[in-house]
Amino acid sequence: METDAVPAKNYQEDGVCIEHTELPSLPVLSKVPHTYPGCCLSLSAPLLSYLGTLMPAPPNIVLSVGSGYGLLEALLLSHVSSLSLVGVEVQPSSNRHLPASHHQSVPGSRSLHPLAAEATTWLFVYPKRVGLLEEYLCEFGGLGVVRIIWAGPQADWDDYKTCFERPDSAMRWNISVKSADTVGGRPWDLIAIANIEKTHAV
Ligand SMILES: C[S@@+](CC[C@H](N)C(=O)[O-])C[C@H]1O[C@@H](n2cnc3c(N)ncnc32)[C@H](O)[C@@H]1O
């Protein structure tokens, strides 16, 4: 995997670059969900295990779009051996937990990262804007991606699910939706797994 064309750096909010050795230690997750400052999605050990089962084996790449502090992504990297995951954030990145080798940044919130063309799984955790998923699908859908995992508030899902139902799209998705509390999260969160069924020319 080539992620170092532009060397990734980790920045604190004040813009100071932090080195790998200064990454904060990861919390030990409990059996019940807890909300951590570094992740909008409430996390638990069962939820991490569940999300781990959705991660592809190497050399497949997971791209987490809008990884924020990178807490969930760093926990996944520690939980799933040999996981090839890259979190992408807007510059200056709020990343605290991901080592530079697993982190990339984009110049602005309208920017897309080209690693999406290679990644087979995309992760969107508490994205802010439906358009971001639409733009990724428009630009990079039909290339490498075969699975998209969306995690966020139940109340937001109706807006996001329309991205997978566009009649003009060449992609057909098989979507399974779980209330997060059934897999170790909070009842107000939802996990959607969209697996590609087929891609055809339109
Ligand atoms: C609500 S936060 C969620 C962060 C993290 N996933 C979490 O659960 O804590 C949404 C994140 O998406 C990031 N974001 C917005 N547009 C983006 C883009 N085009 N590429 C990458 N990240 C983006 C924002 O900077 C923000 O950190």
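For clarity, every value in this text was computed on a predicted model and none was experimentally measured.

About the thresholds
- Residues numbered from 1 in each chain as written.
- Predicted model: local features only at pLDDT ≥ 70, side-chain atom pairs only at ≥ 80, totals over all residues.
- Helix = DSSP H or I, 4+ residues; strand = E, 2+ residues; numbered from the N terminus.
- Contact = placed C-beta atoms within 7 Å.
- Buried ≥ 20, exposed ≤ 12 C-beta atoms within 10 Å, placed from the backbone.
- Pairing = 2+ DSSP bridges.
- Right-handed = clockwise from strand over helix to strand, strands pointing away.
- Near = placed C-beta within 6 Å.
- Nonpolar A, V, L, I, M, F, W, Y, C, P; charged D, E, K, R; others polar.
- Core = buried A, V, L, I, M, F, W, Y, C linked by C-beta atoms within 7 Å.
- pLDDT = per-residue confidence, 0-100.

Enquirer: Account for the environment of alanine 180, naming residues and giving values.
Expert: The residue alanine 180 is located in the loop between strand S8 (171–179) and strand S9 (189–199) in this model. Measuring from C-alpha to C-alpha, the distance between alanine 180 and proline 153 comes to 9.4 Å, with 27 residues separating the pair along the chain. With residues up to four places along the chain from it excluded, the contact list for alanine 180 reads Leu47, Gly185, Arg186, Asp189, Leu190 and Ile191.

Enquirer: Any chance you could break down the pairing of strand S6 (residues 121–125) for me, citing the residues and the numbers?
Expert: Within S6, 5 of the 5 residues are buried, which leaves the element mostly enclosed by the surrounding structure. Along S6, one buried face is formed by Thr121, Leu123 and Val125 and the opposite face, lined by Trp122 and Phe124, is buried too. Across 4 bridges, strand S3 (residues 62–65) lies against S6 in parallel orientation. Considered in S6, the bridge of valine 62 is made with threonine 121. Inspection of the sheet shows S6 paired to strand S7 (residues 147–153) by 5 bridges, in the parallel sense. Residue pairing for S7: leucine 123 is matched across the bridge by isoleucine 149. This β-α-β element, S6 to helix H3 (residues 130–140) to S7, shows right-handed connectivity.

Enquirer: An account of the site of the ligand is needed here, citing residue identities and associated values.
Expert: Neighbouring residues of the ligand: 19 residues in total, closest Cys40, Gly66, Gly68, Ser109 and Val125. In terms of residues, the shell around the ligand owes the most to one element, strand S4 (residues 85–90), which gives 3 residues. Residue composition of the shell around the ligand, grouped by class: 11 nonpolar, 6 polar and 2 charged.

Enquirer: Account for the pairing of S4, with residues named and values stated.
Expert: The element S4 is largely enclosed, with a buried count of 5 among its 6 residues. Bridging between S3 and S4 involves 4 bridges; their strand directions are parallel. If you follow leucine 63 over to S4, its bridge partner there is valine 86. Regarding topology, helix H2 (residues 71–79) serves as the crossover connection from S3 to the parallel S4, and that connection is right-handed.

Enquirer: Describe the nonpolar core, with residues and values.
Expert: Core analysis: the biggest nonpolar cluster contains 45 residues, and Leu63, Leu72, Leu76, Ala119 and Trp122 have the highest contact counts within it. Broken down by secondary-structure element, the contributors of at least two residues to this core are helix H1 (45–53), S3, H2, S4, S6, H3, S7 and S9. Of all the elements, H2 adds the most residues to this core, at 6 residues. The residues contacting leucine 76, other than those within four sequence positions of it, are Leu51, Gly52, Met55, Leu83 and Leu85.

Enquirer: Give me the confidence of the model for the protein chain: which residues, what numbers.
Expert: Chain-level statistics for the protein chain give a pLDDT mean of 90 and a share of 88% at 70 or above. A low-confidence stretch, residues 1–20 (pLDDT under 50), is modelled with 31 contacts involving residues beyond four sequence positions or located in other chains.

Enquirer: How would you sum up unusual backbone geometry? Please name residues and give values.
Expert: Residue proline 59 is reached from proline 58 by a cis peptide bond, and omega for that bond is 10°. As for its position among the elements, proline 59 is in the loop between H1 and S3. Phi is positive for serine 82, close to 65°, though the residue is something other than glycine. Position of serine 82 relative to the elements: it lies in the loop between H2 and S4.

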